[in-house]
Amino acid sequence: MVDRVSWVPEGVNVDVPSSARIYDYLLGGGHNFEADRATAEALIKVLPVRGMARLNRAYLRRAVLELADLGIRQFLDLGSGIPTVGNVHEVAHEVSPESKVVYVDFEPVAITHAELMLAGEPNVTALLADLREPEKVVAQAAQHLDFSQPIGLLVVGVLQFIPDSDDPWGVLSRYVDSLPSGSYLALSHFTADSMPAAMAAGKEIFAKTAEPITPRTKAQVADMLAGTEIVEPGIVFTPQWRPETPEDVGDEPSKANIYAAVGRKP
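Attention here is on the structure that accompanies the text. Once a new chain begins, its residue numbering starts again from 1 and follows that chain's sequence as written. Given that this is a predicted model, residues contribute local features only at a pLDDT of at least 70 and side-chain atom pairs are listed and counted only at 80 or more, while totals for whole chains, interfaces and linings are drawn from all residues. With hydrogens and water set aside, each side-chain value is computed from the structure's full complement of heavy atoms.

1. Some remarks on the pattern of salt bridges
The condition that has to hold: For this analysis, a salt bridge means a side-chain nitrogen from Lys or Arg found within 4 Å of a carboxyl oxygen belonging to Asp or Glu. The helix count covers DSSP runs of H or I at least four residues long, the strand count covers runs of E at least two residues long, and both are numbered beginning at the N terminus. Note on exposure labels: buried denotes an accessible area under 20% of the residue type's maximum, exposed denotes more than 50%, and partly exposed covers the range between, all computed with a 1.4 Å probe on protein chains only.
Taken as a whole, this structure holds twelve salt bridges when the rule is applied. Between Asp164 and Arg216 there is a salt bridge, and its shortest N-O distance comes to 2.7 Å. Residue Asp164 is found in the loop between β4 (152–156) and α7 (168–178), and its partner Arg216 is found in the loop between α8 (196–206) and α9 (218–224); the two are separated by 52 residues along the sequence. Take Arg216: its relative accessible area is 1%, and that puts it in the buried class. The salt bridge involving Glu252 is made with Lys255; its shortest N-O contact spans 3.3 Å. On the basis of relative accessibility, which here comes to 40%, the residue Lys255 falls in the partly exposed class.

Right under this line is the structure:
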């Protein structure tokens, strides 16, 4: 049994690996436990998950900067995870300090630490909620964001944890329906298109965690962008989405194993 530390919210089972805490570990964070670290190390043996996590985080930064440059001043970040370097509000505030951000996650550790980090940030809020309940999330977020003005909806590296039975396409469609014209949807999603055997092995490891994964094809990811106009460069691997330098792309971008895309609601 892992020793419980003072910052762990009541009811959190630290012996069951969590995707948010695994991601935190892969990015070099300290808000994770032995079960999370063991799972991450098992994943490292079958998939380049450290690189995948780093490239996904870099894509998030570029997407937020791009939307901020386009005038987006409100962001709704679904499945935001445990706070780490380069959080959405920090990136958005580089362009406009007045930008508003609402983080949403159902991992209590993530929200607890977000609340601690956000003390003194009047334009940034963290909500403990399940993204599979769009109407509830939007109602809560609307207390902080103006849904009559464009919003940047961020769904980065989270939808693979929503099984087909929960209809992630329908869930996302309901969020898009709630957004005004001129809003943007930025997403990224695990795929087995490039490394099927390795991703299958990773899927087996994730099956023993609190959130098993469902990698999806490029066509399935495209369906998630329904209701938006996909902007250039389309659906690509994370390092290929508007890289800042050639080095950002690397020699084998397909090893990112995560598709990324941004769509604009007309």
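2. Notes on the environment of His113
Among the secondary structure elements, His113 is positioned in helix α5 (residues 108–117). Once the C-alpha coordinates of His113 and Ala92 are considered, the two residues, 21 residues apart in sequence, prove to be 20 Å apart.

3. Observations regarding helix α3 (residues 49–69)
For clarity, the threshold we go by: In a helix, the anticipated span is given by 1.5 Å times the number of residues less one.
In this model, α3 (21 residues) spans 30 Å end to end at C-alpha, consistent with the 30 Å of a helix rising 1.5 Å per residue. Directly after α3, the chain includes Gly71, whose backbone phi takes a positive value near 100°.

4. Considerations on helix α2 (residues 34–44)
Under the convention used in this document: The arc in question is the one traced by the directions running from the helix axis out to the C-beta atoms. Every residue pair with non-hydrogen atoms within 4.5 Å of one another is taken to be in contact.
Looking only at α2, the buried set comprises Ala35, Asp36, Thr39, Ala40 and Leu43. Viewed end-on, α2 has its buried residues packed into an arc of 135°, placing them on one side of the element. Buried positions along α2 lie against α1 (19–26), α3 and α8.

5. Some thoughts on the packing of aromatic side chains
For any pair of aromatic rings, the description rests on two quantities: the centre-to-centre distance and the angle between the ring planes. Selection rule: Centre distance within 6.5 Å is the pairing criterion for rings of Phe, Tyr and Trp, where only the six-membered ring of Trp is used; planes under 30 degrees apart are then read as stacked, over 60 as edge-to-face, and the remainder as tilted.
With the rule as written, the count across this model stands at five aromatic pairs. A centroid spacing of 5.8 Å and a plane angle of 65° characterise the contact between Phe161 and Phe206, whose relative ring orientation is edge-to-face. Within this pair, whereas Phe161 is found in the loop between β4 and α7, its partner Phe206 is found in helix α8, the two being separated by 45 residues in sequence. As far as burial versus exposure is concerned, Phe161 and Phe206 are alike and both buried. Their ring planes at 20° and their centres at 4.8 Å tell us that Phe237 and Tyr259 sit as a pair that is stacked.

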